[in-house]
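Listed here are the chains, written in short residue letters.
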Amino acid sequence: MDPKLTARIDGPVLIYEIRVLGATDAELDSISKAMGLGLDVEEMKGITEYFREEGRNPTDVELNSLAQAWSEHCCYKSSKNILREFVFSIDHPDVMSRGDAGVMAFDDDHAYALRIESHNHPSALDPYGGAGTGIGGIIRDVVCMGATPIAGVDPLCFGPPDWDGPMAKGTKHPRYLLDGAVGGLRDYSNRVGAPIVCGGFFFDERYVENCLANVGCVGFLEKGRLLNNFAGGPGEVFVLIGSPTGRDGVHGVTFASADLSEMSDDDAGGSVQLGNPTLKEPIIHACLEINEMGLLTGMKDLGGGGLSCVIGEMAYGAGCGADFDLDKVPVKGPGLAPWEIWISETQERMMATCKPENVDKVLAICEMWDVPATVVGRTTAEPRTRLFWEGVKIFDVDTRFLTGGPAYNRPYVIPDVSTKADEEFPELPGHGEVILALLSDYNVASKEWACSQYDSGAGGRRVLGAFVGPVGGQGPGDAAVLTPVPGSHRGLAIALGCNPWHTDANPYHGGMGAVDETCRNLVAVGAKPHAITDCLNFGNPQKPDRLGVFREAVRGLGEVCAALNLPIPSGNVSLYNETAGCAVLPTPMVLGTGIIEDAREAVSADIKGESNLLYVVGDTLDEMGASLLFRRFGGRGGDVPGVDPKNLKDLTERMLDAIGAGLVLSAHDCSDGGLAVAVAEMCISGGIGAELDLSHIDLEMPRKLYSESNTRWVVEVEREDAAAFRELMSGRAVPIGETGGDSLRIPAAYVNLGVEEMREAWSRPLAEAMGGGL
Amino acid sequence: MAGKTRVCVVRIEGSSGADELYNAFAAVGAEAEKVHLKQLSGDCPAVLRRDLGEYDVLALPGGMAGGNYVRPGAIMAARLKTQIGKELKGFVDSGKFVLGVNNGFQALAELGLLPSGAFGKPTMAFICNPTGAYECRDTYVDVLDSRCAALSAVPRAKCAHMPTAQMCGGIVFETKKVAGRLIDDGQIPFVYAKPEGDVPKELWNPSGIPEAVAAVCNPAGNVLGMMPMPQRAMTGYSEPGWNRKAHAEEGLGAAVLRSIVGNVR
């Protein structure tokens, strides 16, 4: 940029005036680019207009601060109008907070916090650090509600680990990325004692150049300890708790609000943060202890945008302003410019507000835990955010303007969807071979390689984990179940749901299906769905076809939640997941929670005994679009499974009634690979076979076996309970066979597969691809 | 002496297992307290000061104290030795009970308190799991007769569920003969047991030695280190597959902690 556009301001520290007043459009654009602001010309003009009214040019600190606040990552400028239309309106009496994490009532005395977010761009460059700081960040979101983290969740979307195809320049191989991400999650979560209790892997070539590392966390608290993420009012003190600030993580949010390119590694500079779980662990204790003592008015984690976002938001939430002493912020080393300190996303930092009389007590508790804590500012009555360096004012912006940011109704086009009319059914080998192929697909195969590296039992609350069945013969479960209150059997179930391929082929149906799958997983263990949180990973919103996909998926997701009155008290949107014009698979990742009155009644997916009856609850329809079968064997088109929310509500209630009445021995969600894979998985985890007769389903055999229709469960029922079960299900339970033997037999499809043969096919692929496994 | 058994669960940064161990001791009726090491060493405000001698049990929790960046347990051991070494030695010499679970066991070995009881002279070490990876596994144990009198009320169970989770569960003694001798001498209260089903030896026996040592006590029986975690086996619902068979409401872990709480005074 033209040197005439900047001028050094005399004072105690190096800051610059940026001469936006009177600058041409081209000059404004060059300022944005040269300073790495990520703002377009219209946005630069909006900021210029503000400073025209102030009668002066902004400082570099102010301009950088606004660029953070106005980034897609911080202000959701492309998505918030769409979210407002479809998801924000769902209310529920159990919602206690919609803060940095959502908070839901659990029982009379306790509540839980939930949130999921993305750490996609950092994980594409440095998977170990990116995924580790991802889990670190989401833990802070939960802690700043006053909650103890009790569960982590790690949905990861990567290219196939044995990928042999082309990769854009600068892209790192999926095997390297996956290994690093799992390692980063392991070393961070294990060191802070936050158990990763469930996860999901999604493998596809469209994740090769844009991997997704989503991280979720559930926390638990006494209701009376719920914290706001903003100050209580003017005259309070800001205490910065945790790590000194460094140059690591400068420009993280503007980096996350643009497409990745081959230059990203260089551009990112310090955009990937450095995690320090051994500092985080005592920070969690210190923050919770301070809150326990009732010393705080508010707490907020320093994540995207660093101090620049936190101070304004904590003041704005209280309807006040802030005076902040930037020179008081402890730094990792000399030489940091004021703007760098202000926007750095250095990890392991929390901001607390308290009354002046409590400051010493807050500092003493931090001292006890050897956690650095520093008084850095105070809230003021005047709604301005002002920064000082050695007493000299270097920043003075209206707090509302600082924290606001634009909201756009960007143009979109509704995407074409896959239909039956253009279906091409693939040629298939024998069904036995097909079932083994589907079981060994990376998207179905055992994730034990990763899960066994996570300290998933930490906290000692687990009743059901990611795997079910006896040790030495386990298979996949549906939802984790924890008992968070010592001595109580009330259970909290946690599950994921997402089908990126369905979403790609029909975004509206995919959005609906993500909620449906989450509910199915919760209901399968006997938990009543209670709330969801979502991480919406999509492409560049400035491209109308990408935004259309986003809009349709959000519409589907919101409609199902509204019909079920399932609140979404928190969420995250990650856009710009694309490289060189190629967008990621649209991925609306849903994390759901459910409540089970008595966790000792929880149901698991493993077949429990011989000669019991098997049913599929729900309708198996001709919906082959984007199915695992089609992806694996080259089918095209086809209807994509939709959801009838009334049906989901009805069957959810019937299933929970049946489980509550003790009629259900095992239950498993029917999803990727359809009925065939669901039953095979139940055989694997139960170590018991089954014989299927699918004559009550009115479709051709391959469609019966592999259709991925939503709102279905496979259920095992004892013979003597069959009549009662069928009556409760009122004709919605279709008999499909019975359990027994050591193989899965489907005579009409010429299938006879040994349980051990299926276990081999399911358990080996990922461990072998990742070079581990015994 | 009247009153409940007082348990001091020590915490330093990274000892993330303190809460679960505290909850488990509280559940079996102990008067448990989470105490930062600085409260024992006196590096704290006077009101927070705690005297180790006032407790009946010292419990070193699992987790990754100090991040486990040097050797497992090394940082916790070094802090204990330099900050409350004398008090700790006195506590052990007076016959009071010390339990180290997981990372806490590793610290007791590093301190030399296990297996020989020679404070400051370590004679066993932990190395990486036989698989070379962090392993969170549902392991099983046999309960053996031992010198650990505090465990006298624990049923002599066979193949009872008690999970492990660690990077370094491999055990190395000074010679290959030591493990067998410790079993003969009653210093091994628990050994790993193979569960039913197809479980590779490296997974059911992370100790990596044929004797499958899962826990060690000192010759006096008042210092006990365990890799399997009793606080995660408190109920019959912590074992995978619990809903496949008849099971007790309580797990072996509860029996272990209750026996300790009931027998140390």
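Predicted, not measured: the structure shown is a model, and the values here were computed from it.

## Observations concerning the overall build of chain A
Counting its secondary structure elements, chain A contains 27 helices and 32 strands. Expressed along its principal axes, the backbone C-alpha trace of chain A runs to roughly 85 × 55 × 45 Å. For chain A, buried positions account for 67% of its 774 residues. Summarising the internal contacts of chain A: among those between residues at least 6 apart in sequence, 83% fall at separations of at least 24. Here chain A holds 63 positive side-chain charges and 110 negative ones, and the gap between their average locations is 4 Å.

## With respect to the overall build of chain B
The helix and strand tally for chain B stands at seven helices and 13 strands. Taken over C-alpha atoms, the radius of gyration comes to 17 Å for chain B, in line with the 18 Å a tight globule of 265 residues would show. In chain B, which comprises 265 residues, the proportion classed as buried is 61%. Surface summary for chain B: the accessible area is close to 9800 Å², and the carbon and sulfur share equals 53%. Computed over 28 positive and 26 negative side-chain charges, the inter-centroid distance for chain B is 3 Å.

## Description of the interface of chain A and chain B
Listed as interface residues are 47 residues of chain A and, on the opposing side, 44 residues of chain B. Summed over both partners, the interface of chain A with chain B comes to about 3400 Å²; 54% of that surface belongs to carbon and sulfur atoms. Inspection of the region where chain A meets chain B yields seven salt bridges. The closest approach of N and O atoms between Arg-244 of chain B and Asp-606 of chain A, which form a salt bridge, is 2.6 Å. Taken together, the connections running from chain A to chain B amount to 18 residue pairs in polar contact (both at pLDDT 80 or more). Only helix H8 (174–192), helix H11 (277–292), helix H14 (359–368), strand S16 (462–464) and helix H23 (674–686) of chain A provide two or more residues apiece to the side of chain A that touches chain B. In terms of residue count, the dominant contributor to the side of chain A that touches chain B is H11 of chain A (six residues). Broken down by class, the residue content of the side of chain A that touches chain B amounts to 18 nonpolar, 17 polar and twelve charged.

## Some details on the environment of Gly-510 of chain A
Residue and element names in this part refer to chain A. Relative to the helices and strands, Gly-510 resides in helix H19 (residues 507–524). Note on Gly-510: relative accessible area 2%, which makes it buried. Sequence-wise, Gly-510 and Thr-24 are 486 residues apart; in three dimensions their C-alpha atoms are separated by 45 Å. Residues within four places of Gly-510 in sequence aside, it is in contact with His-502, Thr-503 and Pro-588.

## So, the domain arrangement of chain A
Looking at the assigned domains, one finds that chain A contains domain 1 (3–73) and domain 2 (420–769). Using only C-alpha atoms to locate each centre, domain 1 of chain A and domain 2 of chain A end up separated by 51 Å.

## Let's talk about the sheet that holds strand S9 (residues 237–242) of chain A
Residues and elements named next belong to chain A. If you walk across this open sheet you meet the seven strands as S10-S12-S9-S13-S11-S14-S15, and the pairing is mixed. The strands lining the two open edges of the sheet, one partner per strand, are strand S10 (298–301) and strand S15 (392–398). Each strand of the sheet is rotated relative to its neighbour by a mean of 20°, with strand direction disregarded. Across six bridges, strand S14 (residues 384–389) lies against S15 in antiparallel orientation. Looking at S15, one finds that Trp-389 is bridged to Val-392. Packing of helix H7 (residues 127–143) onto the sheet brings it into contact with S10 and strand S12 (349–354), and relative to S10 it is tilted by some 170°. Across the sheet, H11 is in contact with S9, S10 and S12; its angle to S9 comes to roughly 150°.

## Focus on empty space enclosed by the protein
Residues and elements named next belong to chain A. A full pass over the atoms with the stated rule returns four cavities of 30 Å³ or more. Lining the second largest cavity we find Asn-499, His-502, His-509, Gly-510, Gly-513, Ala-514, Glu-517, Arg-520, Ser-671, Asp-672, Glu-708 and Asn-710. Per element, the largest residue contribution to the lining of the second largest cavity is six residues, and it comes from H19. When grouped by side-chain class, the residues that make up the lining of the second largest cavity number one nonpolar, seven polar and four charged.

## Some details on the environment of Leu-182 of chain B
Residues and elements named next belong to chain B. By secondary structure assignment, the location of Leu-182 is in helix H5 (residues 178–184). Judged by relative accessible area, Leu-182 falls into the buried class, the value being 1%. Sequence spacing of Leu-182 and Phe-97 is 85 residues, and the spatial spacing of their C-alpha atoms is 19 Å.

## Re helix H3 (residues 60–69) of chain A
The element H3 of chain A is largely enclosed, with a buried count of ten among its ten residues. Residues of H3 of chain A that are buried include every one of Asp-60, Val-61, Glu-62, Leu-63, Asn-64, Ser-65, Leu-66, Ala-67, Gln-68 and Ala-69 of chain A, and no others.

## A look at H19 of chain A
All names here are of chain A. Its 18 residues give H19 an end-to-end C-alpha distance of 25 Å, which sits within 8% of 26 Å, the value for a rise of 1.5 Å per residue. In terms of residue burial, H19 counts as a mostly covered element, since 17 of its 18 residues are buried. With its phi angle positive at about 100°, Gly-526 sits one or two positions after the end of H19.

Parameters and conventions
- Numbering of residues starts from 1 in every chain and runs along the sequence as written.
- Following the order in which they are written, the chains are lettered starting with A and the ligands numbered starting with 1.
- Only residues with pLDDT of at least 70 get local features here, since the model is predicted, and only at 80 or more are side-chain atom pairs given and counted; chain-wide, interface and lining totals rely on the full set of residues.
- Each side-chain value is worked out from all heavy atoms of the structure, with water and hydrogens disregarded.
- We count a stretch as a helix when DSSP gives it H or I for four or more residues in a row; a strand needs E for two or more, and each element gets its number in order from the N terminus.
- When a residue's accessible area, from a 1.4 Å probe over protein chains only, is under 20% of the maximum for its type it is buried; when over 50% it is exposed; and in between it is partly exposed.
- Contact between two residues is taken to exist if any of their heavy atoms lie within 4.5 Å; hydrogens are not considered.
- Under the convention used here, Asp and Glu are negative, Lys and Arg are positive, and both His and the chain ends fall outside the count.
- All charge positions are set by atom: Lys at NZ, Arg at CZ, Asp at CG, Glu at CD.
- The quantity called the radius of gyration is restricted to C-alpha atoms. Its globule counterpart is 2.2 Å times the number of residues to the power 0.38.
- Here, Shrake-Rupley sampling with a 1.4 Å probe gives the accessible areas, and only protein chains in the shown set may cover a residue.
- Buried area: the sum, over both parts, of the accessible surface (1.4 Å probe) that disappears when the two are put together.
- Salt bridge, as used here, is a side-chain nitrogen of Lys or Arg placed within 4 Å of a carboxyl oxygen of Asp or Glu.
- Think of a polar contact as two N or O atoms within 3.5 Å of one another; within protein, one of them needs to be a possible hydrogen donor and the other a possible acceptor, and neighboring residues in sequence only count if both atoms come from side chains.
- Polarity classes work like this: nonpolar for Ala, Val, Leu, Ile, Met, Phe, Trp, Tyr, Cys and Pro, charged for Asp, Glu, Lys and Arg, and polar for all others, with Gly in that last group.
- Reported domain spans reflect what an automatic or database domain assignment gives.
- Any two strands with at least two DSSP bridges between them are considered paired.
- Fitting a line to C-alpha atoms yields each axis, with helices limited to the stretch in contact; the angle taken between N-to-C directions then spans 0 to 180 degrees.
- Using a grid of 1 Å spacing that covers the protein atoms alone, one calls a set of points a cavity when a 1.4 Å probe fits there but cannot get out, and a pocket when the set is open and has protein on both sides within 12 Å along at least five of seven lines; lining residues are those with an atom within 4 Å of a point.
- Grid points are joined across faces, edges and corners, and a volume is the space filled by probe spheres set on the points.
- Take the residue count of a helix, subtract one, and multiply by 1.5 Å to get its expected span.

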